[in-house]
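Descriptive structure summary
If you want the building blocks of each chain, they are given just below.
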Amino acid sequence: MNAEWNFDNSYARLPDRFFSKLSPTPVQSPELVILNRTLAESLGLNAEALASDESIAVFAGNRIPEGAEPLAQAYAGHQFGHFTMLGDGRAILLGEQMAPKGERFDIQLKGAGRTPYSRGGDGRAALGPMLREYIISEAMHALGIPTTRSLAVVTTGEVIYRETELPGAILTRVASSHLRVGTFQYAANWGTVEELRTLADYALERHFSGFEEAQNRYLFFLQEVIRRQAELIAKWQLVGFVHGVMNTDNMTISGETIDYGPCAFMDTYNLATVFSSIDRQGRYAYGNQPYIGGWNLTRLAESLLPLLHDDEEQAIELAQEALSEFPNLYQQHWLRGMRAKLGMYTEEEQDIALITDLLNIMQTHEADYTNTFRALTLDRLETMPLSCVKEFREWHERWQARLQKQPQSTDEVHELMRNSNPAIIPRNHRVEEALEAAVERGDYSVMERLLQALSNPYAYSPEQNEYAEPPAPSDRPYRTFCGT
Ligand code: AMP
Ligand code: MG
């Protein structure tokens, strides 16, 4: 049976500086533990064939499929504000799968062995974190948030060494590309202007149709990335997603969420929410994400200056003008999303105050973010811990009065709210439970059930009820880790 790989390798045709050609390091005895059949089909792959030994060898890096030209990508990045050379230290791009409709998707093996960019790292990944990325990235996709996807996880049959010995694994990651802000920083710092231009042209060609009509195609490029990131980060905020490590190498040009290391969803609403054990200053706290987005985009703009205009001052002016749009664009997306979450079809001046008042009440009274909107959607005030809070009851009356001002019926309001407020999110304690069953006991059924429930977060089905339960107080605070 043929897996139907259909590779092209456009990235490999960029100047040599942007990558190192090399094959994955083979592993001992790979086993497929999870395969994303729906995603496989949409990529034009044969899901049945992907479960064969031959395909498992591909997912493990033991066999290079026909047409693939494996490589590790070079990039730089600001990590917690400090600029450094990075690159794929444990990931190998096999090539680009050309899907049936002509779309191009990077197929990348994460945890596939050392590369010239590994520095001190072992090039490997542990099973738990790869399954975690699988669950959360697929949940994000189902929530309607642009993201890299997860095609498969294989165990390697090898042990890797972190604080303890852990089972090794490789994740096959799918992305519309792995171009990052850090790729441009790398080009600007170590490449020639011609190489930077080649990279920008490549990104335009790959992601931004319509650039041919633009007066200044590199300004258009910057504006488009700004637009996509504003929308993406607004979507994160609306579902309570904390990325956790918004370094510039972890911000894509395509506008997809990437790098599911220390990320997690917030239970209790709090702007200061941080899960990552190394983020001691709260640089990447929930409430800071929009500002960090703007900071990262400024780093992109700086890298693009030589392309924006021959005159540096004019280039800076163009960049600043484009960047100044980011807060507005972000605010527009966020406000539109918040209005939808509260069933508002029309726009009133007082909406912002109404929304922020609710959020402030949630923050003061430590309300669960997802469940507050879920209960409002279901109109189950009596189930809400907030229902005994006087300010909240007053807020609720104001909100009801606001809804009366629009022509839409109650049914229409509830429909909008159901489509805008997920009934469930991948709650940390449920994700951990699924990972423990899989990693400790080889039982993947808990994870399969969780994935099933998360595959349609707006369903409001009875099977989802159990996943809506917030964690027991003993499960808090939840901590996540980098470099897993
Ligand atoms: P991240 O925090 O995942 O964005 O990773 C930062 C950098 O460290 C990237 O260049 C990664 O490729 C690299 N890296 C992370 N883990 C490993 C590892 N186990 N071996 C080699 N490189 C790694
Ligand atoms: Mg990264």
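A short note on the coordination of the magnesium ion (ligand 2)
Asn-250 (OD1) and Asp-259 (OD) make up the full set of protein donors to the magnesium ion (ligand 2), lying at 2.1 to 2.2 Å. Accessibility expressed as a relative area gives 7% for Asn-250, which makes it buried. Among the residues examined, Asp-259 registers a relative accessible area of 21% and is labelled partly exposed.

Considerations on the site of ligand 1
In the vicinity of ligand 1 lie 17 residues, with Gly-87, Gly-89, Asp-122, Gly-123 and Asp-259 positioned nearest. Asp-249 has a polar side-chain atom sitting 3.4 Å from an oxygen atom of ligand 1. Relative to its unbound accessible area of 480 Å², ligand 1 is 85% covered by the protein chains. Grouping the constituent residues of the shell around ligand 1 by class yields 2 nonpolar, 7 polar and 8 charged. There are two domains that each give the shell around ligand 1 at least three residues, and those are domain 1 (7-175) and domain 2 (181-335).

Points about the packing of aromatic side chains
Inspection of every chain in the model, using the stated rule, returns 18 aromatic pairs. A centroid spacing of 5.6 Å and a plane angle of 25° characterise the contact between Tyr-269 and Tyr-369, whose relative ring orientation is stacked. Of the two residues, Tyr-269 sits in the loop between strand S13 (264-265) and helix H8 (289-308) while Tyr-369 sits in helix H11 (residues 369-378), which places them 100 residues apart along the sequence. Tyr-369 shares its class with Tyr-269; the two are buried.

Some details on the pairing of strand S7 (residues 91-98)
Counting buried positions over the 8 residues of S7 gives 7, a clear majority of the element. Relative to strand S8 (residues 104-110), S7 runs antiparallel, the two sharing 7 bridges. Counterpart to Ile-92 in the pairing with S8 is Leu-109. Where S7 hands over to S8, the hairpin turn is made up of 5 residues, of which Gly-102 adopts a positive phi near 90°.

What about unusual backbone geometry?
Of note, the phi angle at Phe-80 is positive, near 50°, even though the residue is not glycine. We note that Glu-366 has phi near 50°; this positive angle belongs to a residue other than glycine.

Thoughts on the domain arrangement of the chain
For the chain, the domain assignment lists domain 1 (7-175) and domain 2 (181-335). Once you take the C-alpha centre of each, domain 1 and domain 2 turn out to be 23 Å apart. Contact with domain 1, which involves 34 residues of that partner, is made by 38 residues of domain 2. With both chains or domains summed, domain 1 and domain 2 bury close to 3,200 Å², and 65% of this area falls on carbon and sulfur atoms. For domain 1, the biggest contributors to the area lost against domain 2 are Arg-17, His-78 and Phe-80; these three give 23% of the whole. Between domain 1 and domain 2 we count 3 salt bridges in total. Glu-96 is the salt-bridge partner of Arg-206, the closest N and O atoms lying 3.9 Å from each other. At the level of secondary structure, the elements contributing two or more residues to the side of domain 1 that touches domain 2 comprise strand S5 (76-79), strand S6 (82-85), S8, helix H4 (127-142) and strand S11 (165-175). When residues in the side of domain 1 that touches domain 2 are grouped by element, the largest group, 5 residues, is from H4. By residue class, the composition of the side of domain 1 that touches domain 2 is 18 nonpolar, 9 polar and 7 charged.

Some words on the packing of H4 against helix H14 (residues 428-441)
Contact geometry of H4 with H14 gives a least axis separation of 10 Å together with a crossing angle of 135°. Judged by the angle between their axes, H4 and H14 are oblique. You can see that H4 and H14 cross each other, and the crossing is right-handed. Here H4 contributes Leu-127, Gly-128, Leu-131, Arg-132 and Ile-135 to the contact with H14, which in turn contributes Asn-428, Val-431, Glu-432, Ala-434, Leu-435, Ala-438 and Val-439. Within the contact of H4 with H14, the residues separate by chemical class into 8 nonpolar, 2 polar and 2 charged.

Brief notes about the packing of helix H6 (residues 193-207) against helix H7 (residues 217-239)
Packing of H6 against H7 brings their axes to within 10 Å, and their N-to-C directions diverge by 55°. Judged by the angle between their axes, H6 and H7 are oblique. Of the two elements, H6 crosses H7, and the hand of that crossing is left-handed. Contacts between H6 and H7 involve Arg-197, Ala-200, Asp-201, Ala-203, Leu-204 and His-207 on the former and, on the latter, Arg-217, Tyr-218, Phe-220, Phe-221 and Arg-228. Split into classes, the residues belonging to the contact of H6 with H7 amount to 6 nonpolar, 1 polar and 4 charged.

A word on a negative patch on the surface
A surface patch of negative charge is lined by Asp-310, Asp-311, Glu-312, Glu-313, Glu-317, Glu-321 and Glu-325. Structurally, Asp-310 is set in the loop between H8 and helix H9 (312-341). Judged by its relative accessible area of 81%, Asp-310 falls in the exposed class.

Rules and cut-offs
Residues numbered from 1 in each chain as written. Chains lettered and ligands numbered in written order. Predicted model: local features only at pLDDT ≥ 70, side-chain atom pairs only at ≥ 80, totals over all residues. Heavy atoms only, no water. Donors = N, O, S within 2.8 Å, 3.2 Å for Na, K, Ca; no water. Buried < 20%, exposed > 50% of the residue type's maximum accessible area, 1.4 Å probe, protein only. Near = heavy atom within 4 Å. Polar contact = N/O pair within 3.5 Å; in protein donor to acceptor, adjacent residues only side chain to side chain. Areas by Shrake-Rupley, 256 points an atom, 1.4 Å probe, with all protein chains shown as cover. Nonpolar A, V, L, I, M, F, W, Y, C, P; charged D, E, K, R; others polar. Domains from an automatic or database assignment. Phe/Tyr/Trp six-rings, centres within 6.5 Å; stacked < 30°, edge-to-face > 60°. Helix = DSSP H or I, 4+ residues; strand = E, 2+ residues; numbered from the N terminus. Pairing = 2+ DSSP bridges. Contact = heavy atoms within 4.5 Å. Buried area = accessible area lost by both parts, 1.4 Å probe. Salt bridge = Lys/Arg side-chain N within 4 Å of Asp/Glu carboxyl O. Axes fitted to C-alpha atoms, helices over the stretch in contact; angles between N-to-C directions. Parallel < 35°, antiparallel > 145°, perpendicular 65-115°, else oblique. Left-handed = near helix turned anticlockwise from the far one by under 90°. Patch = residues over 30% accessible without salt bridge, like charges linked within 9 Å, V, L, I, M, F, W, Y side chains within 5 Å. Lys, Arg positive; Asp, Glu negative; His and termini not counted. Charge placed at Lys NZ, Arg CZ, Asp CG, Glu CD.

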